[in-house]
Structures are given as C-alpha cells and as structure tokens.
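# Structure assessment
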Amino acid sequence: MSNNFLRRVDLIFDKDCDFKQVLRNAYKRSNDEIINELLESGLRGRGGAGFPTALKWKFTSEQPDPEKYVVCNADEGEPGTFKDREILFQVPLKIFGGMTICAKVIGAKEGYIYLRGEYRFLLLELENQLQIFHSIIDDLKIPFHIKIVMGSGAYICGEESALFESMEGDRGEPRNKPPYPTVSGFRKKPTVINNVETLVYAFMIFRYGARKFKELGTIDSRGSKVFSVSGDTPKPGIYELELGMTVEQFVQEFGDGDTKAVQVGGASGFCVPRKKFKDTIIGFEGVPTGGSMMLFNSSRSMYNVLKNYLEFFEEESCGQCTPCRVGCQQLKLGIEAVKKGEKHANYLEQLQKLAQTMKITAKCGLGQSVANSFSSIVENFREEMIY
Amino acid sequence: MANQINLTIDGMPITVDEGTTILQAAKKLNIHIPTLCYHDDLCVAGNCRVCVVEMKGSKTLPASCAMPVAEGMEIMTNTIKVRTARKHIIDLLLSEHNAKCTTCYKNGNCELQELASEYKISEPMFIDLVPYKNYQMDAYSPSIIKDDSKCIRCQRCVRTCEELQHVSALGVAYKGAHMKISTFFENPMFEVICTNCGQCVNRCPTGALIERNYVDEVWQAIFDDDKHVVVQTAPAVRVALGEALGMEPGEIVTGKMVTALRRLGFDSVLDTDFSADLTIMEEGFELLGRLKKALVDKDPNVKLPMATSCSPGWIKFIEHTYPEYLDNLSTCKSPQQMFGALAKTYYAQKRNLDPAKIVSVSIMPCTAKKFEADRPEMSSSGYKDVDYVLTTRELAVMIKQAGIDFSALPESQYDSVMGISTGAAVIFGATGGVMEAALRTAYEVVTGREVPFNGLNIALVRGMDGVREASIKIDGTKPEWKFLEGVELKTVVAHGLTNAKRVMDAVREGKGGWHFIEIMACPGGCIGGGGQPIPTNEEIRRKRVEAIYREDAGMPIRKSHENPEVIALYKEYLQEPNSHKSHELLHTHYKARQRY
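Residues numbered from 1 in each chain as written. Chains lettered and ligands numbered in written order. Predicted model: local features only at pLDDT ≥ 70, side-chain atom pairs only at ≥ 80, totals over all residues. Heavy atoms only, no water.

## Notes on the packing of helix 8 (residues 272–295) of chain B against helix 14 (residues 433–447) of chain B
Residues and elements named next belong to chain B. In plain terms, the rule: Convention adopted: a line fitted to C-alpha atoms gives each axis, helices being fitted over their contacting stretch, and angles between N-to-C directions are expressed from 0 to 180 degrees. The helix count covers DSSP runs of H or I at least four residues long, the strand count covers runs of E at least two residues long, and both are numbered beginning at the N terminus. Crossings are classed by handedness, with left-handed meaning an anticlockwise turn of the near helix from the far one by less than a right angle and right-handed meaning a clockwise turn. The criterion used for residue contact is that any of the two residues' heavy atoms lie within 4.5 Å. Only Asp, Glu, Lys and Arg are considered charged, only Ala, Val, Leu, Ile, Met, Phe, Trp, Tyr, Cys and Pro nonpolar, and every remaining residue, Gly among them, polar.
Running from N to C, helix 8 and helix 14 point in directions that differ by 65 degrees, and their axes come no closer than 9 Å. Two packed elements cross with a definite hand, and for helix 8 against helix 14 that hand is right-handed. Contacts between helix 8 and helix 14 involve I280, M281, E283, F285 and L288 on the former and, on the latter, V434, A437, A438, T441, V445 and V446. In terms of residue class, the contact of helix 8 with helix 14 is built from nine nonpolar, one polar and one charged.

Here it is in structure tokens:
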C-alpha cells in the first residue's frame with residue numbers, strides 16, 4: 001500500500017491456519033481462561049454496535065439454563081457492506097471455529113448461522129464446508145452441531161432479536177429489551193449472537209493470542225477490521241485494516257482526489273464531510289462502522305444520497321413502532337417538500353428534532369440510527385437540501 | 001415473595017416486586033403515563049412508544065410499559081424531553097390517521113383523540129400522510145367493520161386474536177411504510193377464519209375496528225306504524241349497559257333498561273332470558289337423551305361429550321377448526337335464535353299479529369350474534385327470525401340519541417308473553433352459567449330433588465379460571481332414569497377460544513372423559529362479549545359476573561323448568577322438549593368451513 005499510515009492486516013483471510021490444532025488448543029483451556037484471553041484482546045463486536053465480545057460470552061455462560069445457543073449473524077444487509085459475504089466465501093471454517101469455542105464456553109450444543117436471503121448462492125458451498133467441519137469436530141469428540149437458517153431478505157432481521165423471531169418462524173420484529181439475548185435469545189434461551197467477522201477474530205485470537213491482536217488499533221478500538229470500500233474510489237473492494245486511522249488517511253488511500261464526503265457505517269452510519277476528515281477517527285472513539293465505507297465526490301448530490309437512504313429505511317423499517325415507521329416517511333417527504341419549496345427551509349430544523357426523537361424513542365437500533373445519517377447530512381450539506 | 005426493588009419516580013421513592021414494569025410502579029404512585037398499545041388483557045408490545053419516560057443514565061427514553069424496574073433506577077415521567085418526544089409521537093400517529101373525528105363512529109370514545117386533546121395538538125406538525133396511502137375499508141362482514149385509515153398499528157387486535165382467541169384472523173402484513181393489519185391473503189374478514197367475536201373491537205383504541213351498527217334501521221322500524229317491533233335483551237346486557245351511560249361497572253340496570261326500551265318506542269319489551277330457560281329444557285333433555293343412548297342403547301354413534309351451542313363465536317370457531325366435532329354440538333339454537341323463531345310464530349299467534357309485520361330486534365353483548373342472525377339456518381319461522389341485532393353499545397347510543405337520562409329512569413317489568421325468566425337464565429351471561437343452569441334442571445328431572453349445593457349455587461363451575469372441570473355424582477334417581485344411578489356426570493367449562501382449543505385438543509386426544517362441555521367464545525362469557533361497553537379488563541369483567549350472580553340470587557324462580565311461561569309454551573305449543581315442533585323451530589345443524 002502506498003499510504004504509510006494505513007496498515008494492511010491479514011488475520012481474517014489468512015489461510016495458513018491449522019484449524020484442528022487451534023480448536024484442540026482452545027478446548028484444552030478452561031472457560032475462564034478463554035474469557036480472560038478474549039477480554040484481554042479487547043475485541044468488540046464487528047457488526048457495528050461494538051459490545052465487548054468477552055462479556056457477551058461471559059454473561060451467557062453465567063446463565064443457569066442448560067439449553068443455550070450460539071448464533072452467527074450473517075444477515076449482512078447494511079447498504080455498502082459486503083465483507084461478510086467474502087468471509088463466508090473464503091474462510092467459513094474459521095467462522096465455525098469461533099462458534100465452536102463460544103459453544104464450549106457457554107455450554108451450547110447447537111449453533112445456527114442466519115444467512116442473508118440474498119446470499120443463497122453461498123448456501124451449497126457452506127453446507128459442504130459444514131460437512132467437513134462436522135467430521136473434524138467429531139474427530140475431536142466435540143459435541144456441537146451447526147445448522148444454517150436462510151433469511152428472506154428483510155434488513156430488519158439483522159437486528160438480533162428480530163433475527164431470533166425470524167428463526168423461530170415468526171415475523172421479523174425486534175423484541176423489547178431487556179431481556180437481552182444473553183438471558184433470552186433464540187427460543188427465549190440464553191444466546192450468544194455474534195457477527196461473522198467477530199467470530200473469526202475470536203477464533204484467530206486463539207491462534208495468535210490476545211497480545212498480537214491487542215498490539216493493533218487504539219485503546220478504544222483494538223485490532224483490525226474488514227472494510228467494504230465503495231463509491232467514488234478507484235479501488236473498491238474489501239480491505240482488512242488496522243483500526244484507529246482518520247478519515248483523512250482513509251481518503252488519501254482510497255479517494256479519487258475529489259472526495260467531498262465519506263459515509264461511514266452505511267445508511268445507519270454517519271456522514272463525514274471534507275472539513276472534518278482530519279479530526280475524525282474511524283473507530284468506537286470516533287465514527288464506528290460495521291465495515292461500510294462509501295466515498296462521494298463532488299459530482300454527487302448529497303440530497304439524493306440522503307433521499308436514497310430514507311427510501312431504504314422507509315421500506316425496511318419493520319413498521320411496528322411509531323417513531324420509526326412514521327418518522328422515516330416524514331423525513332423523506334419532508335426533505336422532498338423543502339427541496340420543492342413546498343415547505344420553508346426552516347422545516348429542516350423541525351425534521352432534525354424529529355430525528356432526535358426517533359433516536360431516543362425508537363424500539364430498536366434501526367429506528368434509533370436513522371438520525372445518524374439524517375442529522376449528519378442535513379447539518380453538513382444544508383444548502384444541498386434546499387437548493 | 002419476590003425480590004424487592006427500590007427506585008424513584010419523579011423524585012418519589014417506591015419499593016416494588018422484581019419484574020414490575022415502570023408503568024405499573026408509576027400507577028402505584030398515582031402517576032398517569034399515557035399509553036396506546038398497552039392493554040391489561042394482553043402481552044406487552046411496546047410499539048406505540050407513547051409511554052416513554054426519562055431514565056437517569058440512559059441516552060434513550062425507555063417505553064415504561066416494557067421496561068422492568070431495577071435497583072436504584074431514577075425515572076422522570078414529565079420532563080421537556082419526555083413531553084417533546086410524546087408530542088412528536090402523537091403527531092406522527094395523527095399524520096397517518098384519517099382524523100375526520102366528527103364523522104367517526106368512535107368520536108368521543110377514542111384513545112388517540114383523547115391523547116391528542118391532552119397534548120393539545122393544534123396545528124399538525126408534520127405532513128398529512130393520508131393522501132399518500134391507499135387505505136382500504138372492509139365492510140363486508142355483518143358484524144365488524146375494519147377501516148385501515150383509522151388504524152394506528154398498535155396491534156392490540158392482533159394480540160387479542162392470537163392470545164385470547166387463538167384464531168389469528170388478524171395479523172401484520174408488509175413492512176415499513178406499508179405495514180398494515182390484515183387477514184389471510186388480505187381477504188375480507190367475512191371470508192376468513194374470523195369468528196366475529198368482536199374482542200378486537202373491544203380493544204381497538206380508535207375507530208379502525210367497530211361493530212356494524214343497525215341503529216338507523218331500528219329507528220326506521222320503530223317509527224314505521226305498520227310494524228310491530230319486539231325487542232329481546234340478553235342476560236349480560238343488564239349488568240353492563242350502565243357503564244356505557246356513565247355508571248360504574250357491576251350495576252344491575254334491568255328495570256331501567258326495560259323502561260328505556262319502552263321509551264324508545266319498542267312495541268313489546270321481552271327477554272332473551274325466557275328463551276335461555278327454554279334452551280335449558282331443550283338442551284338438558286337432549287343431553288339426557290344422548291346419555292340414555294350411550295348407556296342403555298349402547299349406540300356407538302351417539303356423540304359425547306355434548307357441547308353447548310349458545311355462543312356464535314364458538315360455533316364459527318368449531319366450524320373452521322374442529323369440524324369433525326360438529327355433531328358433538330347440541331342441536332339447540334342459541335337463546336337469541338330460539339326467541340326469534342318463536343317471535344314470528346308462537347308470539348304472533350298469541351298476540352294475533354301478522355308475522356310479516358313483526359320486526360324482531362335483539363340487544364346482545366355480542367358482535368357474532370349479528371352474523372348468527374344472518375345465517376341461512378336461521379329462518380325456520382318462514383321469515384328472518386331475528387331482523388336486527390344491536391350491541392349493548394348501540395343500545396346506549398339510542399338511549400343517548402333519544403335524550404333519556406338513564407340513571408334517573410324508574411324501573412319497570414318486561415312484557416308478556418316471553419318476558420318471564422328465572423335466575424338460571426340470567427347466569428347464561430357468565431362463564432359456567434349455562435352449565436349451572438343445566439345442572440339445576442337436569443339433576444332435578446332425574447332425581448326429583450334439587451342439586452345438592454347450598455342455595456342452588458354450584459360454585460364448582462363458577463369462577464374466572466380459563467378451564468374448569470366439575471363432576472356431580474347422580475344417585476337416588478327416579479325409576480325412568482335408573483340408568484343414570486351412580487353415574488358421575490363429568491363437565492368442563494371454558495371461556496375464551498384459546499381455552500376452547502385446550503378443551504377440544506383434550507377431546508381429540510381422548511382425554512377428559514367429559515359428558516358435557518360449556519364453551520363461551522369471550523373471556524368471562526357473554527359479560528365480556530365483543531358488543532359490551534369499552535373498556536374491558538379482568539376487574540370490570542369480574543364486577544359484571546358478580547352482578548349476574550346477585551341478579552340470580554334475587555330472582556323469585558331460579559330453575560328453568562319452573563318458568564311458568566316455558567311450562568305454558570310446552571303445554572300450548574311445543575308439547576314437550578325435543579318434540580317434532582321443537583326440532584322444527586328450535587334446533588339446527590351447522591356446516592364445516594375451511595380454515596383458509
């Protein structure tokens with residue numbers, strides 16, 4: 001790579017890995033040791049929310065219920081994210097391995113992969129890989145079995161509790177929290193649900209040790225991350241990079257020389273305008289991301305970008321809670337009305353307040369995060385909204 | 001005892017059981033938090049978000065209905081953050097809502113309207129979404145009208161249909177902006193598994209689900225000099241009507257109601273309780289007949305257990321869900337339809353009236369009765385046996401329209417014939433009542449003695465548990481009933497269709513060993529019917545039930561077979577229970593329907 005600040009990492013796709021040996025070693029260790037190793041690594045969830053993985057496993061392991069589950073969230077639906085697809089395609093055994101170690105810690109006998117409906121083309125190969133996996137763990141006498149459940153194409157089913165509803169055969173609607181999945185998840189039983197990438201990192205931490213992972217990144221954002229780079233860039237694709245870079249560093253590497261904004265974290269993420277590139281760190285201390293990085297150059301209308309996101313949310317809200325269902329419709333119609341001159345420009349302030357209400361009152365993360373892109377785009381590109 | 005949790009709400013400390021929600025805790029402190037999707041009878045949904053509160057240390061505002069208390073929690077229910085959020089949410093709901101309140105059937109009785117008034121929503125804050133929607137109105141059903149333009153998607157109806165009734169005729173369709181409450185393949189409610197029970201109507205906070213009302217048709221009939229309009233009133237109406245007219249739950253208003261009906265202009269005010277007594281005679285003897293066939297004739301084709309057939313919601317449920325057990329239903333029509341058949345035959349004859357000129361109206365706690373009256377099976381008098389069915393709520397509307405001060409009315413008596421009844425009939429209105437009334441009569445017919453319970457009160461079959469079993473040992477039989485000597489008569493009572501399903505599944509599995517099953521479609525029986533005053537909850541239903549039993553205890557005659565008008569009816573017209581004439585007028589058969 002040409003840029004000195006960006007460090008390319010190769011943990012995820014590294015194929016030089018004795019799968020069986022890593023599992024055997026992990027299984028020799030006590031559950032406490034495994035949790036401590038994970039805690040030491042500082043690994044946080046890679047789906048976007050960033051909950052410490054070790055704590056998720058720990059809380060679930062502490063539940064007395066004998067029936068528990070580990071679920072891999074492979075419902076990669078965030079606009080601009082496509083890294084899980086690649087991981088599922090390239091290194092599925094590592095995902096299964098992460099789930100197996102988790103199963104040991106929490107005491108699960110069954111694991112599930114909830115595969116995005118649009119990824120059906122991966123199913124056959126994944127099933128083949130699962131066969132190989134099951135014969136390996138049979139050898140190791142590990143009592144664990146993984147099944148794949150297909151999603152049907154709803155974005156909301158990537159929300160963990162909606163995902164459980166969908167797995168149980170019900171309509172994908174988020175549940176009230178608490179209780180959290182660690183207490184009541186799939187089939188209302190204690191469940192660890194992790195993103196595809198998180199599970200692979202967990203597995204790799206037991207290959208290399210927490211220290212190697214911890215050396216990468218910053219205090220708040222340890223390790224590396226797989227990014228899906230798209231938009232106005234000469235080199236779109238999937239890159240595993242050390243966390244802690246600024247948006248400016250990122251743009252220097254991936255921009256086309258005319259980048260005016262970067263949307264970090266997809267439609268539910270934040271829009272960073274050029275003037276803030278320098279001071280914005282990509283990570284939990286700055287703008288968190290599940291991996292989606294969309295670059296926009298000066299030929300793009302940010303009004304159209306926002307409208308596109310709002311159309312997406314208006315369609316993909318599950319529709320059960322008021323702020324999200326109606327709020328998304330109002331935000332979309334609202335910016336259209338301002339653009340057409342049917343509403344005064346100061347209606348944007350009214351909409352900003354509405355977005356804030358959505359952020360604090362929506363039932364789940366979807367509705368709460370609509371404000372992220374809305375507020376950051378309206379605030380930073382106000383003129384483009386009006387004229 | 002549950003763990004105790006200490007928290008403060010609006011600065012006031014309170015200690016509550018672990019698992020209590022913030023909403024419940026606030027209620028104990030007499031703090032009112034507005035709600036829409038919340039309902040006492042249903043599981044928590046947490047989807048309207050109107051009940052949000054501020055919680056110290058949390059960036060988001062949790063929904064108080066769904067958030068359990070935690071130690072040291074500090075809750076604020078009335079801050080500027082909370083008020084702004086609630087106002088936004090109410091405004092959002094209004095923007096999706098066809099807010100033509102003045103022409104809405106629920107005007108003045110709408111929870112959204114109340115909330116909009118409480119939060120002083122004047123100028124709409126947001127864009128009116130109604131023109132962008134393709135809202136549908138389903139007005140095919142004779143019982144229930146569903147207007148999507150009034151729906152706020154709280155899903156109370158969906159939860160009611162699923163949890164209380166195990167019918168799930170209503171469900172959620174589509175997502176996002178297009179999300180709506182709909183039916184299987186979006187068919188009209190008339191064509192799906194809907195039992196017309198109206199429990200969804202009872203719980204809909206707005207005008208999205210209402211009964212089909214026949215108020216104007218009935219006024220037309222009343223003011224038509226050519227017509228003789230008879231009205232019958234169901235047992236459960238008299239203990240609930242007051243609620244819709246400003247009185248407290250549990251008041252018995254029989255006498256006032258009769259006066260009011262007379263003032264409205266009905267030509268004859270009669271009582272469904274009369275035909276409830278008649279039902280006991282027909283159904284009781286039918287049960288004894290089936291027992292005889294089973295025990296004496298050893299007839300392998302006799303269908304036991306026999307199930308009651310008074311509840312039209314239950315009838316439609318069994319038609320769809322357990323059609324193979326249709327022959328287990330008593331062939332008796334419901335009291336409403338027995339009355340209707342007699343009104344245009346026996347009554348017409350007695351009063352020397354042309355049946356073609358009789359308009360038969362019934363006041364029911366029920367929306368399914370509207371469907372029942374429209375059934376093709378229900379015209380054995382040669383005419384439509386019951387012309388119009390009004391709910392308790394519709395009667396209250398008429399009383400208000402007529403400018404009657406209900407609470408100030410004097411009491412009066414029903415007309416005759418077909419106006420005299422017994423305590424056994426009035427308890428039809430509560431779950432277990434038909435069973436109790438049947439046992440009072442059947443036991444006495446068989447043994448010549450009263451049922452061996454203190455004051456005729458068969459406490460075994462009373463109560464609010466979903467499924468209640470009871471058995472009575474029969475001994476000391478009269479010679480003609482000797483085959484019943486020593487028999488343990490096993491019964492079961494269920495209310496709410498979810499409980500009906502439990503009983504029917506047990507029957508299907510060959511369990512229970514019951515002889516007689518009473519099932520009422522609605523929670524609490526007819527007193528909790530889909531046509532009763534809104535709101536409803538367990539406490540209100542309990543008060544209505546208590547009133548029913550008070551009414552029974554105060555009646556001079558408390559056994560159906562002692563009703564002098566029923567005795568006269570048999571003597572003059574029907575000869576005996578289950579006679580040929582009875583079968584012609586008072587019995588019927590139902591047909592299997594598909595589930596989808």
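That covers the picture; the talk isn't over yet.
## Comments concerning unusual backbone geometry
With an omega of 0 degrees, the peptide bond between A:P178 and A:P179 qualifies as cis. Following B:S416, the chain continues to B:V417 via a peptide bond in cis, the omega torsion being 0 degrees. Structurally, B:V417 is set in the loop between helix 12 (392–401) and helix 13 (423–426). Positive phi, normally seen in glycine, also occurs at B:N30, with a value near 60 degrees.

## Side note on the interface of chain A and chain B
Stated formally: Here the quantity called buried area is the accessible surface, traced with a 1.4 Å probe, that two parts lose on coming together, added over both. By salt bridge we mean one thing: a side-chain nitrogen of Lys or Arg within 4 Å of a carboxyl oxygen of Asp or Glu.
Counting from both sides, the interface comprises 36 residues of chain A and, opposite them, 38 residues of chain B. Here chain A packs against chain B, burying approximately 2,900 Å² in sum over the two surfaces, 58% of which is carbon and sulfur. Looking at the side of chain A facing chain B, the largest losses of area belong to A:T322, A:R325 and A:I360, adding up to 19% of the total buried there. Counting the contacts that link chain A with chain B gives two salt bridges.

## With respect to the state of the cysteines
Definition in use: Put simply, a disulfide is two cysteine sulfurs that come within 2.5 Å.
All chains considered together, the criterion is met by zero disulfides over all chains. With no disulfide of its own, A:C328 has A:C324 as its nearest cysteine by sulfur position, at a separation of 4.2 Å.

## With respect to the side chain of A:S317
The criterion, for reference: Distance and chemistry together define a polar contact, namely a pair of N or O atoms within 3.5 Å, with one atom able to donate a hydrogen and the other to accept it when in protein, and with adjacent residues in sequence counting only for side-chain atoms on both sides.
Here A:S317 shows up in the loop between helix 11 (302–316) and helix 12 (322–340). Within the structure, the side chain of A:S317 is placed 3.1 Å from the backbone nitrogen of A:G319, a separation counted as a polar contact. Excluding residues within four positions of it along the chain, A:S317 makes contact with A:C324, A:R325, A:L366, B:K175 and B:G176.

## A few points about the domain arrangement of chain B
What counts is decided by this rule: What fixes the domain bounds is an automatic or database domain assignment.
Along its sequence, chain B is organised into domain 1 (4–78), domain 2 (122–210), domain 3 (215–274 + 336–408) and domain 4 (279–333 + 422–586). Of note, the centres of domain 1 of chain B and domain 3 of chain B, computed from C-alpha atoms alone, are 45 Å apart.

## Points about the packing of helix 5 (residues 92–106) of chain A against helix 6 (residues 123–139) of chain A
Residue and element names in this part refer to chain A. Worth spelling out the cut-off: Working rule for angles: under 35 degrees goes down as roughly parallel, over 145 as roughly antiparallel, 65 to 115 as roughly perpendicular, anything else as oblique.
Two numbers describe how helix 5 lies on helix 6: the axes approach to 10 Å, and their chain directions differ by 50 degrees. When the axis of helix 5 is compared with that of helix 6, the two are oblique. The element helix 5 and its partner helix 6 pack so that their crossing is right-handed. Counting all contacts with helix 5, which are made through P92, L93, F96, G97 and T100, the residues of helix 6 involved are L126, Q129, L130, F133 and I137. Considering only residue class, the contact of helix 5 with helix 6 consists of seven nonpolar, three polar and no charged.

## Considering the packing of aromatic side chains
As a reminder of what qualifies: When the centres of two rings from Phe, Tyr and Trp lie within 6.5 Å, Trp using its six-membered ring, the rings pair. Their planes under 30 degrees apart give stacked, over 60 give edge-to-face, and anything left gives tilted. Summary of the burial criterion: residues with accessible area below 20% of their type's maximum are buried, those above 50% are exposed, and those between are partly exposed, where the area comes from a 1.4 Å probe applied to protein chains only. Either the NZ atom of lysine or the CZ atom of arginine qualifies as a charge over a ring when it sits within 6 Å of the ring centre and within 35 degrees of the ring normal.
Summed over all chains, the structure comprises 22 aromatic pairs over all chains. Seen in terms of ring centroids, B:F184 and B:F185 are 4.9 Å apart; in terms of plane orientation they differ by 90 degrees. Their pairing is edge-to-face. A relative accessible area of 38% places B:F184 in the partly exposed class. Taken together, the aromatic side chains of A:F19, A:F96, A:F133 and A:F203 make up a single cluster linked through ring pairs. Here the guanidinium or amino end of A:K212 rests over the ring plane of A:Y208, the centre of that ring lying 4.3 Å away. One residue, A:K339, lies across the ring of A:Y303, its end atom 4.7 Å from the ring centre.

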